[in-house]
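Descriptive structure summary
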Amino acid sequence: MEFAFIFTKINILIIILAICSPCKFIQSPMDFGSSSLLQTTNTSSIDFGRIIFSPPSAVLRPQSADDISLLLTFLYASSFSKVTVAARGAGHSIHAQSQALDGIVIEMDSLPSDIHIHKKLDEGHGVSYADVSGGALWVELLQESLKFGLAPRSWTDYLYLSIGGTLSNGGISGQTFKYGPQISNVLELDVVTGKGDLITCSPTKSSELFFAVLGGLGQFGIITRARILLQDAPEKVKWVRAFYDDFDIFIKDQQLLVSMPDLVDYLEGFVVPNEESLLSSSIAFPAHLHSVPSFHLSNVYYCIEFAVHDFQVEPSVVEQTVEKITTQMSYLQPYIYSVDVSYFDFLNRVRMEEMSLRARGLWEVPHPWLNMFVPKFGIKEFKDLLMDNMSLNQFKGPILIYPILKNKWDANTSAVLPDTEDLIYIVGVLQSADPASCSAECVAGIVRRNRRIVGAASAERIGAKQYLAQQPSLLHWRCHFGGHWNRFLARKARFDPLAILGPGHGIFPRVRLHGVDSTW
């Protein structure tokens, strides 16, 4: 056993030397303990954005957290090395955040998808939770936890994302206003730091690392296990959509529903810029949209989408709850629709849209997305900014707008929100670029447009912050973090002082000697 461990160490040292050499001589898969270090894979230089393609020198497919720890320990000890490392979960980043040009990509999906459900014994003691691999997908956790009548409290709209990936960013959806983001629903983590240390952390144990990696953009460590808080899962969901032709009334009703957390279990909203957008957003909504609003070039509609959990206790309870909510709303008559769906189908609703897009060859296309957190006071001006910079009649993809509450986020995490009032909006401009009608130059134009929007929206007049951010320079990153930059920098110096991790974000250049670069 000892001989095998020493042999593995020697292999890693040879691999690192090979990567650092100007003569890149890794030409075939190499043994790495129980894992394989490959020259490349089909996915290592591709992400969902399909805008930037940064091929690594090697790819690690680990079988355990120890494999990751061993690699990073050697890289940290080899201060002469320029090698960087990126963890890749489901590869759903937009701007190469999960890539490592000429470095090493760790493909987390090779880790065993171990999921262990712990259900509390009675109503009075403890909590239910799941211990799950950082490389597992949220849909896998949902499927397993439902066997016990349980489910996580907070979600993303799309479930085929890795646990570690969303926890490194935030993890938001229509439950965020009520339960906070996914990073607010974690009890414990196993993390491999940039030094190679494998540490179990929580709010009370190694808490600085725990809060650093949550929303930390993969800059401080790689999440290999997470303990996720669970709650009782409903059997079904009453899913309601109501349409508006007035933005002020639309956001007023959203703010009304945010004030009803005891009644509303999920709340989102979206812009309906054209008829194609309405049809595509209705693929997963199994209701006949009779008498939909008629669209003209000058029309823009808005839709509030909310849901109420149905535990199948008394049939009338959910109907009464929905009626209590909708009678206080001022939607465009008669455009309101509701359906009953299983809890799994509701949470997995985007999968149906994915399958439709895949069938038409429109899933694996460029996605120049833009996500912003916008203060309540600036949401109208931000909406106008979007409308002035986009051709809505030709827009393809959803435009999400819905409120969340800052007091549901832990300020100790590394996530960045606007420094304003409690209620803020998430705005997601989730544009798809069909290569048949949008060339590479067209995609580049959309990216430039998004940067202009970010620049204007980040100014004090609107005060927005980018979510899933990608900044063009260190100065922009410092502005992005604002008053939290020094804390972010101190965490980097403590947990990844050589800046080995997360090169795709372009925040910190790789350091060759131990110690923090004071110019950061």
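Residues numbered from 1 in each chain as written. Predicted model: local features only at pLDDT ≥ 70, side-chain atom pairs only at ≥ 80, totals over all residues. Heavy atoms only, no water.

For strand β17 (residues 399-405), the tally of buried residues reaches seven of seven residues, placing the bulk of the element in the interior. Burial along β17 is two-sided: the residues Ile399, Ile401, Pro403 and Leu405 and Leu400, Tyr402 and Ile404 are all buried. Alignment of strand β13 (residues 266-272) against β17, held across two bridges, turns out to be antiparallel. Following the sheet pairing, Val271 is matched in β17 by Ile399. (Buried < 20%, exposed > 50% of the residue type's maximum accessible area, 1.4 Å probe, protein only. Helix = DSSP H or I, 4+ residues; strand = E, 2+ residues; numbered from the N terminus. Pairing = 2+ DSSP bridges.)

On to the pattern of salt bridges. According to the stated counting rule, one finds 22 salt bridges in the structure shown. Among the salt bridges present, the one from Asp190 reaches Arg225, with a minimum N-O distance of 2.8 Å. With Asp190 in strand β9 (residues 186-193) and Arg225 in strand β11 (residues 221-232), this pair connects stretches of sequence that are 35 residues apart. Note on accessibility: Asp190 and Arg225 belong to one class, buried. Several salt bridges converge on common partners, so that one network encompasses Arg50, Arg351, Glu354, Arg358 and Glu364. (Salt bridge = Lys/Arg side-chain N within 4 Å of Asp/Glu carboxyl O.)

A cis geometry characterises the amide bond from Gln333 onward to Pro334, with omega recorded as 0 degrees. For Pro334, the location among the structural elements is in the loop between α9 (315-326) and β15 (336-342). Although it is not a glycine, Leu217 adopts a positive phi angle of roughly 60 degrees. Here Leu217 lies in the loop between α6 (207-213) and β11. Take Leu217: its relative accessible area is 12%, and that puts it in the buried class. Here the phi dihedral of Leu468 falls at roughly 55 degrees; this positive angle occurs in a residue that is not glycine. Inspection of the secondary structure puts Leu468 in the loop between β19 (465-466) and α14 (474-481). Since its relative accessible area comes to 33%, Leu468 is described here as partly exposed.

The strand order across the open sheet built from eight strands is β15-β12-β14-β13-β17-β18-β16-β19, with neighbouring strands paired in antiparallel fashion. Two strands in the sheet have a free side with no partner beyond their single neighbour: β15 and β19. Examined bridge by bridge, β13 and strand β14 (residues 301-310) share seven bridges and lie antiparallel to one another. In the sheet register, Leu267 faces β14, and the bridge partner there is Phe306.

Time to look at the state of the cysteines. Tallied over the entire structure, the rule returns one disulfide. Shown here is the disulfide that connects Cys438 with Cys442, its sulfur atoms set 1.9 Å apart. One quick way to see it: the torsion about the S-S bond of Cys438 and Cys442 is about -95 degrees, and its sign makes the bridge left-handed. Of the residues examined, Cys438 reaches a relative accessible area of 9% and is grouped as buried. A residue is classified by how much of its surface remains accessible, and Cys442, at 29% relative accessible area, is partly exposed. (Disulfide = S-S within 2.5 Å.)

Right, let's get into the environment of Pro472. Here Pro472 is to be found in the loop between β19 and α14. Taking the C-alpha atoms as reference points, Pro472 and His505, 33 residues apart in sequence, are found 9.3 Å from one another.

The next point concerns the packing of aromatic side chains. Evaluated as defined, the whole model comprises 23 aromatic pairs. Relative to Phe508, the ring of Trp485 has its centre 5.8 Å away and its plane inclined at 20 degrees; by these criteria the two rings are stacked. Taken together, the residues span a long stretch of sequence, with Trp485 in helix α15 (residues 485-495) and Phe508 in the segment after α15 at a distance of 23 residues. The class of Trp485 is buried, set by a relative accessible area of 3%. Relative accessible area serves as the criterion here: at 8%, Phe508 is assigned to the buried category. Here the aromatic residues Phe220, Trp477, Phe481, Trp485, Phe488 and Phe508 are joined through ring pairs into a cluster of three or more. The cationic tip of Arg351 hangs over the ring face of Tyr160; the distance from NZ or CZ to the ring centre is 3.8 Å. (Phe/Tyr/Trp six-rings, centres within 6.5 Å; stacked < 30°, edge-to-face > 60°. Lys NZ or Arg CZ within 6 Å of the ring centre and 35° of its normal.)

This part covers the environment of Ile52. Of note, Ile52 is situated in the loop between β2 (35-38) and β3 (58-61). Relative accessible area serves as the criterion here: at 32%, Ile52 is assigned to the partly exposed category. As for Ile52 and Ile94, which are separated by 42 residues in sequence, their C-alpha atoms are 8.3 Å apart. Residues in contact with Ile52, not counting those within four places in the same chain, are Ser45, Asp47, His95, Ala96 and Gln99. (Contact = heavy atoms within 4.5 Å.)

Remember that the coordinates give geometry; whether it matters functionally is a separate question.
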